[in-house]
Amino acid sequence: EKIIKIQALQRKLKARKAFKKTLKSVIIIQSLARRATARKRIRKLIRGLKAARIQSGWRMFKVKNEYKRNRAAVMRIQKLYRNNRDQNELTKSLAAIVRTAQLNKRMANLKESLE
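Residues numbered from 1 in each chain as written. Predicted model: local features only at pLDDT ≥ 70, side-chain atom pairs only at ≥ 80, totals over all residues. Heavy atoms only, no water.

A.B. asks: How do you make sense of a positive patch on the surface when you look at a structure like this?
C.D. replies: On the surface, a cluster of positive charge is contributed by R35, R39, K40, R43, K44, R47, K50 and R53. Secondary-structure assignment places R43 in helix 1 (residues 2–114). (Patch = residues over 30% accessible without salt bridge, like charges linked within 9 Å, V, L, I, M, F, W, Y side chains within 5 Å. Areas by Shrake-Rupley, 256 points an atom, 1.4 Å probe, with all protein chains shown as cover. Salt bridge = Lys/Arg side-chain N within 4 Å of Asp/Glu carboxyl O. Lys, Arg positive; Asp, Glu negative; His and termini not counted. Charge placed at Lys NZ, Arg CZ, Asp CG, Glu CD. Helix = DSSP H or I, 4+ residues; strand = E, 2+ residues; numbered from the N terminus.)

A.B. asks: For this particular structure, what's the right way to read a nonpolar patch on the surface?
C.D. replies: Taken together, the side chains of F19, L23 and I27 define a hydrophobic patch exposed on the protein surface, amounting to about 290 Å² of accessible area. Summarising the element assignment, F19 is placed in helix 1. Overall, the relative accessible area of 52% leaves F19 in the exposed class. (Buried < 20%, exposed > 50% of the residue type's maximum accessible area, 1.4 Å probe, protein only.)

A.B. asks: Sorry if this is basic, but what is going on with the pattern of salt bridges here?
C.D. replies: Two side chains with opposite charge may pair up if their charged atoms get near one another. Applying the stated criterion across every chain yields a total of one salt bridge. Linking R85 and D86 is a salt bridge whose minimum nitrogen-to-oxygen distance equals 3.6 Å.

Spelled out as structure tokens, the structure:
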């Protein structure tokens, strides 16, 4: 009976050692699997960040170009408006000068006819 108990204890210790060894192996395998999964996730995140950065740069480029085009168009419109305004003022000034000259000429003619 004692021998049977000793043999049972020996088998128990042997089984426990094998279980611990297996458990250690399983833990190592799980750890490696988790690490591989984490690395994949990190790579995906980095790719996503790079893509977002590229997309952001492209959107900024498009907006800047649109702003430049709009600004150039506004400046052209302002230039045309100012030129037109200045042309109208010049025309009015010339018309006033011509009227004044005509009045002066009439006045001179009238003075001559009165004398």
